[in-house]
Amino acid sequence: SFLLLLRVVQGAAWGVTMNALSIWYVEFLPTRRRGPLMAAVSLGWPVGRGIVILVAGATGDAWRPLLLIGSVGFALLAISMYQAHESPRFLLSQGNETIARRVLGQMHASSGGRKDGAPERLCLGDVAVDKANPLDSRASLELLLGPYRALLIFSIVVYGTLSVATVLIDNWGPGIFQKLMSPDEVGLPHRILMLFNVGDLCGIILSIVLADRIGRRGSFVIGFFVEGAFLFMMSCSRSWFGPDQAAHVAMAFGFSFSACRCFGWEAASFWTLEAFGTDVRGMAFGLSTAIMRLFSVVSLEVSGGLIHDLTPEACLRTFAGILAIGGAVSLFLMPMETANAPMSEGRAAVA
């Protein structure tokens, strides 16, 4: 029970850290190349996952070394974030223009700018926020449930659909894939896990190139419709091909579907971070991801009593159907395109 408590604390710390880091990072990025720069951070997922797969294979799936790897990563992150600057956008939204300009000046100097104290144009003079009356938590929530309501609902629905599909695939997928690709083995072999992980890596590299070219809408199409199509084709591998070819075909479709997964998640995160003004961005992102986790818990609980009565093919088609619903929502109900657009500041964003 103590180990379970520690895992709950670890999960809470991870959620808070990821939310804070995502919001902090995006507020430093320029409009041009913002998408590729945000997508590049996702490279850490397949790299870290690859390390975990290799360590698991070398240690016989022992859990202690895997937790140790995570603790080292958190320690390094804590040290680096302790040395980091506060976001000038956040400081300005709280009425701290003097500190915001000081931070920008320090960043400008550390990047090779002038260090003689001469005035610089630091892009804060035309920001339309109420510096004298920063929003408190209650006022921010009222703003989210008022002018920002449509944007918040879209973000929650997209995140919710993604979380349902992802938690089902991550939890029940290995067993389903094992039945399709390696029915004679006890579990899904590490080589197939690594193949899917390499697919994820290839997809992220592709998203870095395409993120701002196809926009958030285009990324939603790939992350929902194309990924779902590959899952559906994987479900048909045994009926389309003979027993000798079906496993290899399913692996190829699995590699392809893995390459699409990052597009939907990146589009949901990027859009949410870009669509809301600075003074409510953190709360909007936090609410969306918190409700997303509730969707995950409920879907896992409900599916636990149903999944074992379904064939692997039926499971994969169910996953594909959920993704298709999310794709329809993102394609037809998306309030606005945010790629290549300046991020909004303060209450002027919804004026």
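In this text the structure is predicted, and so the values were computed from the model without any measurement.

**Some points on the side chain of Ser 299**
Okay, step 1: Within the secondary structure, Ser 299 sits in helix 12 (residues 278-304).
Okay, step 2: A polar atom in the side chain of Ser 299 sits 2.9 Å from the backbone oxygen of Ser 296.
Okay, step 3: Apart from the residues within four sequence positions on either side, Ser 299 is in contact with Val 164, Val 167 and Leu 168.

**A word on unusual backbone geometry**
The bulk of non-glycine residues show a negative phi, and the bulk of peptide bonds are trans.
Okay, step 1: Positive phi, normally seen in glycine, also occurs at Arg 33, with a value near 70°.
Okay, step 2: Even without being glycine, Asn 340 reaches a positive phi, approximately 65°.
Okay, step 3: Along the chain, Asn 340 falls in the segment after helix 13 (312-333).
Okay, step 4: Judged by its relative accessible area of 45%, Asn 340 is partly exposed.

**Focus on the pattern of salt bridges**
Okay, step 1: If you walk through the whole model with that rule in mind, you get nine salt bridges.
Okay, step 2: For Arg 191, the salt bridge goes to Glu 185, with nearest N and O atoms at 3.3 Å.
Okay, step 3: Members of the salt-bridge network, linked through shared partners, are Arg 34, Asp 212, Arg 216 and Glu 274.

**Structural notes on the nonpolar core**
Okay, step 1: Counting 61 residues, the largest nonpolar core has Phe 177, Met 181, Met 234, Phe 276 and Phe 319 as its most contacted members.
Okay, step 2: Top contributing element to this core by residue count: helix 8 (residues 149-181), with 16 residues.
Okay, step 3: Sequence-distant contacts of Met 234, defined by excluding residues within four places in its chain, comprise Phe 177, Leu 180, Met 181, Ala 250, Phe 253, Gly 254, Phe 257 and Leu 316.

Rules used throughout
- Residues numbered from 1 in each chain as written.
- Predicted model: local features only at pLDDT ≥ 70, side-chain atom pairs only at ≥ 80, totals over all residues.
- Heavy atoms only, no water.
- Helix = DSSP H or I, 4+ residues; strand = E, 2+ residues; numbered from the N terminus.
- Polar contact = N/O pair within 3.5 Å; in protein donor to acceptor, adjacent residues only side chain to side chain.
- Contact = heavy atoms within 4.5 Å.
- Buried < 20%, exposed > 50% of the residue type's maximum accessible area, 1.4 Å probe, protein only.
- Salt bridge = Lys/Arg side-chain N within 4 Å of Asp/Glu carboxyl O.
- Core = buried A, V, L, I, M, F, W, Y, C linked by side-chain atoms within 4.5 Å.

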